[in-house]
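# Per-entry structural report
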Amino acid sequence: MSTQEQQQSTQNLTLVQAVRDGLHGEMERDDDVIVMGEDVGKNGGVFRATEGLWDDFGDDRVIDTPLAESGIAGTAVGMAAYGLKPVAEMQFSGFMYPAFDQIVSHAARLRNRSRGRYTASMVVRAPYGGGIRAPEHHSESKEAFYVHEPGLKVVIPSTPYDTKGLLAASIRDPDPVIFLEPKLIYRAFREEVPDDTYTVELGKAAVRREGTDISVFTWGAMTRPTLEAAEDLEEEGIDVEVVDLRTLSPMDTETIVESFKKTGRAAVVHEAPKTGGLAGEIIATIQEEALMYQEAPVERITGFDVPFPLYALEDYYLPEKARVADGIREAVEF
Amino acid sequence: MVTIDIKAESGQREMLRRMLTIRAFDTRAGELFADGELPGFVHLYIGEEAVGVGAISALEPDDYITSTHRGHGHCIAKGLDTYQMMAELYGKRDGYCNGKGGSMHIADVDAGMLGANGIVGAGPPLATGAALTASYKDEDRVALAFFGDGAVAQGQVHEGINLAATWDLPAIFVVENNHFGEATPVENQHNVEHLSATAEAYNIPGFTVDGMDVTAVYEAVEEARARAAAGDGPTFIEADTYRYKGHFEGDHEPYRTKDDIDDARERDAIDRFKTRLVDAGVITDAEFDDLEAEVEAEIDEATERAQDAEYPDPSEAYEDMFGAHVPEIEEFAARVRTDGGERQ
Ligand SMILES: Cc1ncc(C[n+]2csc(CCOP(=O)(O)OP(=O)(O)O)c2C)c(N)n1
Ligand SMILES: [Mg+2]
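Residues numbered from 1 in each chain as written. Chains lettered and ligands numbered in written order. Predicted model: local features only at pLDDT ≥ 70, side-chain atom pairs only at ≥ 80, totals over all residues.

### As for the overall build of chain B
Secondary structure assignment for chain B yields 12 helices and seven strands. Against the compact-globule benchmark of 20 Å for 344 residues, chain B has a radius of gyration of 20 Å, which places it among compact chains. Principal-axis analysis of the C-alpha atoms gives chain B an extent of 60 × 50 × 40 Å. When the 344 residues of chain B are sorted by exposure, 52% land in the buried category. The long-range share in chain B, meaning contacts at least 24 apart out of those at least 6 apart in sequence, stands at 73%. (Helix = DSSP H or I, 4+ residues; strand = E, 2+ residues; numbered from the N terminus. Rg over C-alpha atoms; globule rule 2.2 N^0.38 Å. Buried ≥ 20, exposed ≤ 12 C-beta atoms within 10 Å, placed from the backbone. Contact = placed C-beta atoms within 7 Å.)

### Here's the deal with the UniProt feature "domain: Transketolase-like pyrimidine-binding" (unreviewed entry) in chain A
UniProt records the feature "domain: Transketolase-like pyrimidine-binding" (unreviewed entry) at residues 13–188 of chain A, using the numbering of this structure. The distance from the first to the last C-alpha atom of residues 13–188 of chain A is 10 Å, and the span holds 38% helix and 16% strand. (UniProt positions renumbered as here; feature names shortened; annotations may be inferred.)

### Concerning the nonpolar core
Judged by nonpolar contacts, the single largest core of 190 residues is most densely connected at A:Ile328, B:Met19, B:Ala171 and B:Val174. For this core, the leading source of residues is helix H1 (residues 9–34) of chain B, giving nine residues. With 13 residues, the next largest nonpolar core counts A:Phe304, A:Tyr311, A:Leu318 and B:Tyr318 among its residues. (Core = buried A, V, L, I, M, F, W, Y, C linked by C-beta atoms within 7 Å.)

### Quick notes on the site of ligand 1
Ligand 1 sits among 23 residues. The nearest are A:Phe95, B:Val120, B:Gly148, B:Gly150 and B:Gly181. Near ligand 1, the surrounding residues are drawn from chains A and B. Residue composition of the shell around ligand 1, by class: seven nonpolar, nine polar and seven charged. (Near = placed C-beta within 6 Å. Nonpolar A, V, L, I, M, F, W, Y, C, P; charged D, E, K, R; others polar.)

### As for helix H11 (residues 278–290) of chain A
Residues and elements named next belong to chain A. Here H11 is 13 residues long and its end C-alpha atoms lie 18 Å apart, about the 18 Å a rise of 1.5 Å per residue gives. Buried residues of H11: Leu 278, Ala 279, Ile 282 and Ile 286, and no others. All buried residues of H11 lie within an arc of 110° about the axis, which places them on one face of the element. Residues of H11 that are exposed and point over 90 degrees away from its buried face: Ala 284, Gln 287 and Glu 288. The elements touched by buried residues of H11 are helix H7 (143–147), strand E10 (214–218), strand E12 (247–249), helix H10 (253–263), strand E13 (266–273) and strand E14 (299–303). (Expected span 1.5 Å × (residues − 1). Arc of directions from axis to C-beta.)

### Looking at the UniProt feature "domain: Dehydrogenase E1 component" (unreviewed entry) in chain B
UniProt feature "domain: Dehydrogenase E1 component" (unreviewed entry): in the numbering of this structure it lies at residues 17–314 of chain B. Along residues 17–314 of chain B one finds 44% helix and 10% strand; the C-alpha atoms at either end are 38 Å apart.

### Looking at the domain arrangement of chain A
Residue and element names in this part refer to chain A. Entries for chain A in the domain assignment read domain 1 (3–194) and domain 2 (206–333). Here the C-alpha centroids of domain 1 and domain 2 sit 26 Å apart. At the interface, 25 residues of domain 1 touch 25 residues of domain 2. Elements supplying a minimum of two residues to the side of domain 1 that touches domain 2: H7, strand E6 (153–155) and helix H8 (160–172). (Domains from an automatic or database assignment.)

### Side note on the sheet that holds E13(A)
Residue and element names in this part refer to chain A. The strand order across the open sheet built from five strands is E9-E11-E10-E13-E14, with neighbouring strands paired in mixed fashion. Both edges of this open sheet fall to strand E9 (206–209) and E14, since each of them pairs with a single strand only. Mean inter-strand twist for the sheet, computed between neighbouring axes without regard to direction, equals 25°. Sheet topology places E9 next to strand E11 (residues 240–244); three bridges connect them, and they run antiparallel. The partner of Arg 209 across the bridge, within E11, is Val 242. (Pairing = 2+ DSSP bridges. Axes fitted to C-alpha atoms, helices over the stretch in contact; angles between N-to-C directions.)

Shown next as structure tokens:
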């Protein structure tokens, strides 16, 4: 198959299929890429994100592990230190806490601690976020934990195209990447995704919608309600710019600041709880870099400071179109 | 005094009733989930009833247990109310967690039930802590942790057992070996033939029992309890059992065949116990049918009431966040009311 042919052909994929396609492409490209996790092999993963990889690459490269997140993460660090490229799956991001020590104390710090002699080029993938009518661990968004740890990169895609490209970039990245997948939109929509492998650069936000009145910063599953709110507000004459950050660490402060200087107003939408959430970090960046442009307080449209609640309360917890629109109006009408 | 005296005929009938209740409850829960009635996830205990009922009946009523994501059976065996359980599955205010926990977090600390647990392997250290409390307060209580074969691969399970063993605490560790952790067979998760071999590493007694024989489980736990209460430390019991249903509703179960399930059903705990009781003249076939009907009616009623029950109010999200008063909480709660209030 010529490269040209590959580049031209695409497939219409959901986000979770793009994960699978991205893994497949990277495994074909590099024999050192090893996928591991609970039921990722023979069974293809609880969300089918690794479906068929075991058939294509065998159990040396697609490893079904025992139920042991700490062991999985630590093993991945050891593999990465000696040249393999582990891509470890955690079934839900809420099950990563047993692995937290290995991720934070080792994966994140190996390079710095050894003055660059050892590194942990590895990816930990996990579905995250709410909206699936399950409480706590099955729905929470803890991206801020990982962003707070220097040495980790944190990536959250919001489209199938980006998913494949960001995953490839994460796998090829020389440092550990926490790759959080918005499971609410795993199958919500499809997009043309090139068959060939490609990367989407880490650390670069995407302006999903240009506007002049207000900049709204968001990521993951919150991108869609934000775009929908922006559409609705257009009818009211409010011109909303929507920036999908895509990589939360390192954060694309350049795009944030540039957008804010244009609009002078901002809102941040995330499903994680408000206190200690990344909205605070984005606002601080705006204050530091563009204070004189600011025309209104920056709105935080977020989850509440409670454990992710069960069914009856979930609809209230997650920012949706109406709440996002309300927050944006507040900032615009200030 | 044990929770249920297996030597008494009334005790035997009660154990049978609890096993039937578990089966009926979880059969219903599975149906409701498949119909889209129940949100979240439900993990069914069908096939494993003898472990929960055998073990808990042999404990004293004041003893503690910790449970798992597959916890409905432990709750019923511990005497929890099926209506409050069902209400919790529905996320209703009348549920054991007032609709905040769901299937995987049902808890009733007053009843000695420290909680189902969404985190695989989290229970054993909690049981160790409960056992330490009993020991510190010089109370005649033991703590029993249930956990799965998959959980035995988790570090914290071993940490919990090691602490209890080292400190000679009144704890009992019961692994429910249903042969799979999700889709992965136990052989692919562990390098030992019997998980009870785990006990050797901690220098505590370890046994493997037929987990589909309620009497065998009962006797093993009765002995373990006596040892724990005498200050001789924990026991590790592996109950060999089987999960009849998929790990979750909609599980295609490529990891086993129908024959595998049928083979396990040959050893069905309820059938075997019933036959034994009928043969011994403890119960007649007609009485058994009545018992089944009674249990079915109880689950019908629990379900109907749970369906009609109220959801918690959105502002309740902020209730019980902290023991002490935190002023910001009220502000937050007000925000939930204004942000979400009109959407109901
Ligand atoms: C820490 C953690 N990792 C993964 C999961 C997802 N998960 C839920 S149940 C389960 C399998 C548990 O197997 P086992 O301990 O044998 O219990 P069983 O389901 O067979 O009763 C897994 C992997 C979880 N809930 N918690
Ligand atoms: Mg199991």
